[in-house]
Amino acid sequence: MYDVAIIGGGVVGGMLARMLSSYKLNICILEKENDVAMGASKANSAIVHAGFDAAPGTLKAKLNVKGSEMMEQTAKELGVKFKRNGSLVVGFNAADKKKIEELYARGIKNGVKELSILSMHALHEIEPNISPDAVCALYAPTGAIVCPYALTIAAIGNAMDNGADLRVHFEVTAIHETGASFAIISSNGDRINAKYVVNAAGINADAVAAMAGKTDIKIHPRRGEYVLLDKTCGGIISHTIFRTPSAMGKGILVTPTVDGNLLLGPTADNIEDKNDTATTADGLSTILAHCTETTKGIHARDTITSFCGLRAVGNTGDFIIQATTEHFINAAGIESPGLSASPAIAAYITEMLRDMGLELTKNENFNPIRKPAHRFREASVAEKNRMIMENRSFGRIICRCEGVSEGEIREAIRTNPPARDLDGVKRRTRAQMGRCQGGFCMPYIMEILSEELGVPYDSITKNGGNSKLMTGKTKEGCTI
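Cut-offs used in this document
Residues numbered from 1 in each chain as written. Predicted model: local features only at pLDDT ≥ 70, side-chain atom pairs only at ≥ 80, totals over all residues. Heavy atoms only, no water. Helix = DSSP H or I, 4+ residues; strand = E, 2+ residues; numbered from the N terminus. Rg over C-alpha atoms; globule rule 2.2 N^0.38 Å. Buried < 20%, exposed > 50% of the residue type's maximum accessible area, 1.4 Å probe, protein only. Contact = heavy atoms within 4.5 Å. Areas by Shrake-Rupley, 256 points an atom, 1.4 Å probe, with all protein chains shown as cover. Lys, Arg positive; Asp, Glu negative; His and termini not counted. Charge placed at Lys NZ, Arg CZ, Asp CG, Glu CD. Pairing = 2+ DSSP bridges. Axes fitted to C-alpha atoms, helices over the stretch in contact; angles between N-to-C directions. Parallel < 35°, antiparallel > 145°, perpendicular 65-115°, else oblique. Left-handed = near helix turned anticlockwise from the far one by under 90°.

Asker: Explain the overall build of the protein chain to me, please; I cannot follow it from the model alone.
Answerer: Across its full length, the protein chain carries twelve helices and 24 strands. Computed over C-alpha atoms, the radius of gyration of the protein chain comes to 22 Å, within 12% of the 23 Å expected from 2.2 N^0.38 for 480 residues, which places it in the range of a compact globule. With respect to the principal axes defined by its C-alpha atoms, the protein chain has extents near 60 × 55 × 45 Å. Looking at the protein chain residue by residue over its 480 residues, the buried ones come to 56%. Within the protein chain, contacts between residues at least 6 apart in sequence are counted, and of these 71% link residues at least 24 apart. When the accessible surface of the protein chain is totalled, it reaches about 20,100 Å², and 50% of it is carbon and sulfur. With 54 positive and 53 negative side-chain charges, the protein chain shows a spacing of 2 Å between the two charge centroids.

Asker: Would you take a moment to explain the sheet that holds strand β4 (residues 82–83) for this structure?
Answerer: Sheet strands pair by backbone hydrogen bonding; their relative direction is either parallel or antiparallel. Spatially, the three strands line up as an open sheet ordered β3-β8-β4, and their pairing is antiparallel. The strands lining the two open edges of the sheet, one partner per strand, are β3 (47–48) and β4. By the bridge criterion, two bridges tie β3 to strand β8 (residues 144–146) in an arrangement that is antiparallel. Note on β8: the bridge partner recorded for Val48 is Ala144.

Asker: Help me out: how do you make sense of the packing of helix α1 (residues 11–20) against helix α8 (residues 338–355) in this one?
Answerer: Two measures define how a pair of helices packs: the angle their axes make with one another and the distance between the axes. Contact pair α1 / α8: the axes reach a minimum separation of 8 Å and the direction vectors enclose 50°. Relative to α8, the element α1 lies oblique. For the pair α1 and α8, the crossing hand works out as right-handed. Between α1 and α8, the contacting residues are Val11, Val12, Met15, Leu16, Met19 and Leu20 on the first element and Leu339, Ser342, Pro343, Ile345, Ala346, Ala347, Ile349, Thr350 and Leu353 on the second.

Asker: Please clarify how the environment of Ala137 should be interpreted in this entry.
Answerer: Mapped onto the elements of the fold, Ala137 is located in strand β7 (residues 136–140). Here the alpha-carbon distance between Ala137 and Glu447, two residues 310 residues apart in the chain, equals 50 Å. Setting aside residues no more than four positions away along its own chain, Ala137 makes contact with Leu88, Val89, Val90, Ile100, Ser116, Ile117, Leu118 and Leu123.

Asker: In this structure, what is going on with the environment of Ala105? I would like to understand it.
Answerer: Positionally, Ala105 belongs in helix α3 (residues 94–110). The exposure class assigned to Ala105 is partly exposed, which follows from its relative accessible area of 38%. In this structure the C-alpha to C-alpha distance between Ala105 and Leu115, which are ten residues apart in sequence, comes to 9.5 Å.

Take a look at the structure:
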């Protein structure tokens with residue numbers, strides 16, 4: 001019997017699991033995929049928003065500002081890259097300037113610190129590659145960037161290191177109240193019992209809520225496509241660059257990443273299919289056209305990959321964080337700024353659980369610190385030599401584009417939560433994220449996964465399920 005079951009292994013579920021593991025509780029995280037951070041937490045803009053966009057008085061506004069203030073320390077404890085690079089909402093005409101003034105006033109009401117409106121001269125002084133047509137900008141120095149999937153993996157790993165359980169391949173299909181607890185059933189017939197349940201199932205949170213009797217929550221997916229540019233473009237701009245927002249979101253942005261690339265996007269298309277993460281020619285061309293209008297020096301030829309994420313848009317316009325029964329909480333409709341707000345959402349839900357009767361006794365053995373993953377490419381020569389002396393596998397570079405060693409890949413497979421497929425290794429180490437996108441290193445990573453997991457080479461998948469890369473053997477010893 002678990003004290004708390006958290007449905008969903010995204011950033012909200014991960015942050016909550018980590019916070020709850022600081023108490024003497026038996027916790028379980030249930031994730032339907034092969035790995036954590038498989039939904040919106042792996043495909044978003046990676047922005048820690050300052051908090052000027054959400055309407056004052058909403059949960060989005062309150063938790064965004066608080067979460068943004070908590071994020072730097074949280075990332076530091078979890079060993080995750082974080083950079084407070086600041087953000088700019090750029091205006092090109094009188095209508096844009098009026099909107100920027102509205103955002104400034106909203107941000108002040110929300111409690112965002114250090115906001116200011118920049119003139120044309122001041123804007124171009126701090127960002128020389130902004131379009132010469134830009135006339136003003138809202139400047140938020142507290143805006144930041146982080147790696148969303150690294151943050152999620154680290155939060156869940158820290159929770160597991162402090163005693164939490166993770167169950168992958170656990171797609172919830174039924175929830176039954178059984179007296180003082182809930183029975184949660186998976187698609188393959190597995191079952192767990194928990195006294196309290198938190199539904200943080202992202203795009204599927206409405207379906208999970210309905211299993212517990214809450215049928216008025218509606219979630220629809222909003223597809224957002226992105227373009228990732230090579231690291232040679234990482235220095236074009238230093239701040240996150242927004243255009244003025246619309247009813248569909250914060251618009252298409254240009255932002256550096258914590259790993260030195262340049263990220264463009266997202267588009268915003270309401271769709272019906274909750275599994276449709278395909279990119280489109282129209283979407284990608286829209287992104288490039290928009291971003292080249294905003295920022296100088298962006299070229300399609302520098303694209304190394306594109307991807308698509310689905311935002312979980314709720315039917316209330318705000319985060320839906322509410323109790324269905326005495327012991328069941330829905331955390332639904334956590335769209336942008338969900339990543340920014342995630343540490344504060346975890347604190348908010350923890351207090352809800354306390355108010356509902358969950359006994360929260362401090363775990364004296366809780367360790368909030370997670371050792372950062374080895375980043376061989378960033379180490380000094382002396383540090384590299386030391387690592388190789390201690391473990392010779394660090395002396396073999398597997399991913400030449402990103403400088404990732406065999407030792408880092410093996411660590412990723414052995415560390416909570418363990419990588420079990422190619423994409424899992426990619427999210428933890430950046431192997432396959434360079435210019436060649438795995439063209440050279442993929443076969444070697446598959447060999448390491450096969451050896452570490454004790455499974456046949458041709459059973460290794462890209463991201464679980466039926467995503468196998470090998471189809472069979474043409475002759476003895478040769479797999480295709």
